[in-house]
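Now for the letters of each chain:
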Amino acid sequence: MKSVILVSFLLLTYGKVSICLRVVGISVPSLKQRGESVTMTCDYDLEGGKLYSVKWYRDNEEFYRYMPRLRPQQHAHKLDGVKVDLEKSSARRVHLRDLTLKSRGLYRCEVSEEAPSFHSAQSEAFMEVYYFSRENPIISGHEQTYALEEPLDVNCSSAKAFPAPELQWYINGKKVIERDLLIAYGTRPVSQGLLISTLGIRAPAKPKMKITCVSSLGNHKRERSAVIETSSSGEHAAKYSFIILTSIVNIAMQKIS
Ligand SMILES: *[C@@H]1O[C@H](CO)[C@@H](O)[C@H](O)[C@H]1NC(C)=O
């Protein structure tokens, strides 16, 4: 008899845990652009309990809480990259404005029930913030004239971005996949946590050679093309014979004078 009472007691107190408060889901976009705003939602089911608080954290630092018994009911804490719009935030959502690269992180909502249970439940999701400017990548080293088959000394550098954009070279519309024709210079940090990627191309110069560099980040792409000037071997011969001719003339003139 004693054990039956104990079991019923346990079921009543702890069995309830499984059917009471639970966070059904958190909705945080996985990727947003710098400057944008975002609404994150926290969906929970109180199963008859009373809401005590909803707290939001980024990387374990609290930035917003909603407590229905308090006046005012909501409060935002200062956190770099997190600008809460209180008008658009409430018990099940938080609205952030003007995202910066510092807004990226692991977002968590934590829901608690009132006394006596004080049960709480939570859920979390990561948000990445990117920046990809409208500027096209820059090609350098294409201004000079190359002799036929002379390896190019050309670079492509992306505009400032975060995370680092991927670069890809094309010759006359065909993707360059040969690794020995490419030189990966990697990325270098610039201001505001942004990065610039650089990729060199050393393919042999050909007549009518159009090179294109494509910089991409996610689904976004920017590109720039350049045409390589080649001096044909005929032109070379003409140039050399002109040099030889002027040298001969010079020598002849010196002999005469
Ligand atoms: C290509 O980039 C590398 C690394 O930044 C640099 O050392 C080299 O001078 C560049 N070449 C050209 C043609 O711009």
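The coordinates are above.
Owing to the predicted nature of the structure, the values given are computational and were not obtained by experimental measurement.

Caption draft 1: Broad picture of the site of the ligand. Neighbouring residues of the ligand: Ser140, Asp153, Asn155 and Tyr185. In this structure, Ser140 approaches the ligand through a side-chain N or O atom, which is 3.1 Å from an oxygen atom. Relative to its unbound accessible surface of 360 Å², the ligand loses 50% to contact with the protein.

Caption draft 2: Expanded view of the pairing of strand β13 (residues 154-157). Here β13 shows a clear split, with Val154 and Cys156 buried on one side and none of Asn155 and Ser157 buried on the other. Here strand β11 (residues 138-140) pairs with β13 via 3 bridges, running antiparallel. Residue pairing for β13: Ser140 is matched across the bridge by Asn155. Summarising the sheet, β13 and strand β18 (residues 195-201) pair through 4 bridges and their orientation is antiparallel.

Caption draft 3: Representation of the environment of Val176 within the structure. Summarising the element assignment, Val176 is placed in the loop between β16 (174-175) and β17 (182-189). We classify Val176 as buried; its relative accessible area is 4%. Placed 25 residues apart in sequence, Val176 and Ile201 show a C-alpha to C-alpha distance of 9.0 Å. Setting aside chain neighbours within four positions, we find Val176 in contact with Gln168, Trp169, Tyr170, Ile171, Leu181, Leu182 and Ile201.

Caption draft 4: Region of interest: the state of the cysteines. A complete count under the given rule lists 2 disulfides for this structure. The residue that forms a disulfide with Cys156 is Cys213, at a sulfur-sulfur distance of 1.9 Å. For the disulfide bridge between Cys156 and Cys213, the dihedral angle about the S-S bond is near -75°, and by the sign convention the bridge is left-handed. Separated by 57 residues along the polypeptide, Cys156 in strand β13 and Cys213 in strand β19 (residues 209-217) bring together distant segments of the chain. The residues Cys156 and Cys213 share a single accessibility class, namely buried.

Caption draft 5: Expanded view of the sheet that holds strand β15 (residues 166-171). What the 5 strands build is an open sheet, ordered β12-β20-β19-β15-β16; its pairing is mixed. Only two strands of the sheet have a single partner each, and these edge strands are β12 (145-147) and β16. Here β12 runs beside strand β20 (residues 220-231); their pairing, made up of 3 bridges, is parallel. Each residue of the ladder has a partner; that of Thr145, found in β20, is Glu229.

Caption draft 6: Spotlight on the sheet that holds strand β3 (residues 38-45). Taken in spatial order, the 4 strands line up as β1-β3-β8-β7 in an open sheet, and their pairing is antiparallel. A single partner strand is all that each edge strand has here, and the edge strands are β1 (22-27) and β7 (83-84). Examined bridge by bridge, β3 and strand β8 (residues 93-97) share 4 bridges and lie antiparallel to one another. Bridge pairing links Thr39 to His95 in β8.

Caption draft 7: Spatial organisation of the packing of aromatic side chains. The tally for this structure, following the rule as stated, stands at 2 aromatic pairs. Ring centres of Tyr52 and Phe118 lie 5.5 Å apart, and the angle between their planes is 90°; on these two criteria the pair is classed as edge-to-face. Taken as a pair, Tyr52 in strand β4 (residues 51-58) and Phe118 in the loop between β9 (105-113) and β10 (120-132) lie far apart in primary sequence, 66 residues in all. Between Phe63 and Tyr107, the ring centres sit 5.8 Å apart and the planes meet at 80°, which makes this aromatic pair edge-to-face.

Caption draft 8: Structural context of the nonpolar core. Met40, Tyr44, Trp56, Phe63 and Leu96 are the most contacted members of the largest nonpolar core, which totals 35 residues. For this core, the secondary-structure elements that each account for two or more residues are β1, β3, β4, β5 (61-66), β8, β9 and β10. With 5 residues, the top contributor of residues to this core is β10. No fewer than three residues from each of domain 1 (21-131) and domain 2 (138-238) sit in this core. Of all hydrophobic cores here, the second largest spans 19 residues; its members include Tyr146, Leu152, Leu167 and Trp169.

Caption draft 9: Layout of the pattern of salt bridges. Evaluation of the coordinates by the stated rule reveals 13 salt bridges. A salt bridge links Asp43 to Arg92; the shortest N-O distance between them is 3.5 Å. Of this pair, Asp43 sits in strand β3 while Arg92 sits in the loop between β7 and β8, and the two are 49 residues apart along the sequence. Assessed through its relative accessible area of 42%, Asp43 is described here as partly exposed. Classification of Arg92 as partly exposed rests on a relative accessible area of 35%. A salt bridge links Glu62 to Arg65, with the nearest nitrogen and oxygen atoms 2.7 Å apart. Judged by relative accessible area, Glu62 falls into the buried class, the value being 18%. Arg65 sits in the partly exposed class, given a relative accessible area of 25%. One salt-bridge network, in which partners are shared between bridges, spans Arg22, Asp45 and Glu47.

The rules behind the values
- Residues numbered from 1 in each chain as written.
- Predicted model: local features only at pLDDT ≥ 70, side-chain atom pairs only at ≥ 80, totals over all residues.
- Heavy atoms only, no water.
- Near = heavy atom within 4 Å.
- Polar contact = N/O pair within 3.5 Å; in protein donor to acceptor, adjacent residues only side chain to side chain.
- Areas by Shrake-Rupley, 256 points an atom, 1.4 Å probe, with all protein chains shown as cover.
- Buried < 20%, exposed > 50% of the residue type's maximum accessible area, 1.4 Å probe, protein only.
- Helix = DSSP H or I, 4+ residues; strand = E, 2+ residues; numbered from the N terminus.
- Pairing = 2+ DSSP bridges.
- Contact = heavy atoms within 4.5 Å.
- Disulfide = S-S within 2.5 Å.
- Phe/Tyr/Trp six-rings, centres within 6.5 Å; stacked < 30°, edge-to-face > 60°.
- Core = buried A, V, L, I, M, F, W, Y, C linked by side-chain atoms within 4.5 Å.
- Domains from an automatic or database assignment.
- Salt bridge = Lys/Arg side-chain N within 4 Å of Asp/Glu carboxyl O.

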